[in-house]
Amino acid sequence: MSFGETPITLVGNLTDDPELKFTEAGAALARFTIAVTPRSFDRTSNQWKDGTTAFYRCAAWRSLAEHVAESLGKGSRVVAMGRMRQHDWTTDQGEKRSMLAVEIEDIGASVRFTTVQINGKRPAVGGAADPWNTGDNRPAPGDEPPF
């Protein structure tokens, strides 16, 4: 992120299936809304109470957009991080309008209340792609683990 941008993390549910479109240049764009409802515990009634739901319009670009459209749907609980963006425009009638939206940098399914299965490739660990791999994984003589 650049200096002066407003980072945001959202934990909530998709209100509908992501809408996938492509720009004239061929870049994928997924648009979707995340509903976020705060919850607090009321000690006097001994119950959880929902606060006011906030709805955040979101956009994801390129391969992230395609992954979102293929992986997530209406009701999916997600954890998303991105940055707030203000969009200004003028209507055909000459009225000035603006809106805030979240440009998503990363998003994933929340596993707090459910399980998910990852179908993609996992990054190589310990192989040639691992920058910490020295090629010799044997412990040095007398080098015992501390436990």
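That block above? That's the structure.
Here goes a summary of the coordinates provided. Not measured: the values here are computed from a predicted model. (Residues numbered from 1 in each chain as written. Predicted model: local features only at pLDDT ≥ 70, side-chain atom pairs only at ≥ 80, totals over all residues. Heavy atoms only, no water.)

Right, let's get into the side chain of Thr 33. Relative to the helices and strands, Thr 33 resides in strand β3 (residues 28-36). Its relative accessible area of 13% is what places Thr 33 among the buried residues. Within the structure, Thr 33 has its side chain in polar contact with the side chain of Arg 57 (distance 2.9 Å). When residues no more than four places from it in sequence are discounted, the contact partners of Thr 33 are Asn 13, Leu 14, Thr 15, Phe 55, Tyr 56 and Arg 57. (Helix = DSSP H or I, 4+ residues; strand = E, 2+ residues; numbered from the N terminus. Buried < 20%, exposed > 50% of the residue type's maximum accessible area, 1.4 Å probe, protein only. Polar contact = N/O pair within 3.5 Å; in protein donor to acceptor, adjacent residues only side chain to side chain. Contact = heavy atoms within 4.5 Å.)

Within the structure shown, the criterion is met by one aromatic pair. Between Phe 41 and Trp 48, the aromatic rings sit 5.4 Å apart at their centres with planes inclined by 65 degrees, giving edge-to-face as the arrangement. Residue Phe 41 is classed as partly exposed on the basis of its relative accessible area of 37%. Relative accessible area serves as the criterion here: at 52%, Trp 48 is assigned to the exposed category. (Phe/Tyr/Trp six-rings, centres within 6.5 Å; stacked < 30°, edge-to-face > 60°.)

This paragraph deals with helix α1 (residues 62-71). Along α1, the residues that are buried comprise Leu 64, Ala 65 and Val 68. The buried residues of α1 occupy an angular sector of 100 degrees when the element is viewed end-on, so they sit on one face. Exposed and facing more than 90 degrees away from the buried side of α1 are Arg 62, Glu 70 and Ser 71. Packed against the buried residues of α1 are β2 (19-22), β3, β6 (54-61) and β8 (96-109). (Arc of directions from axis to C-beta.)

Right, let's get into the pattern of salt bridges. According to the stated counting rule, one finds nine salt bridges in the structure shown. One salt bridge in this structure joins Glu 95 and Arg 97, with 2.7 Å as the shortest N-O distance. The class of Glu 95 is partly exposed, set by a relative accessible area of 39%. The class of Arg 97 is partly exposed, set by a relative accessible area of 41%. Overlapping salt bridges bring together Glu 5, Arg 83, Arg 85, Glu 103 and Glu 105 as one network. (Salt bridge = Lys/Arg side-chain N within 4 Å of Asp/Glu carboxyl O.)

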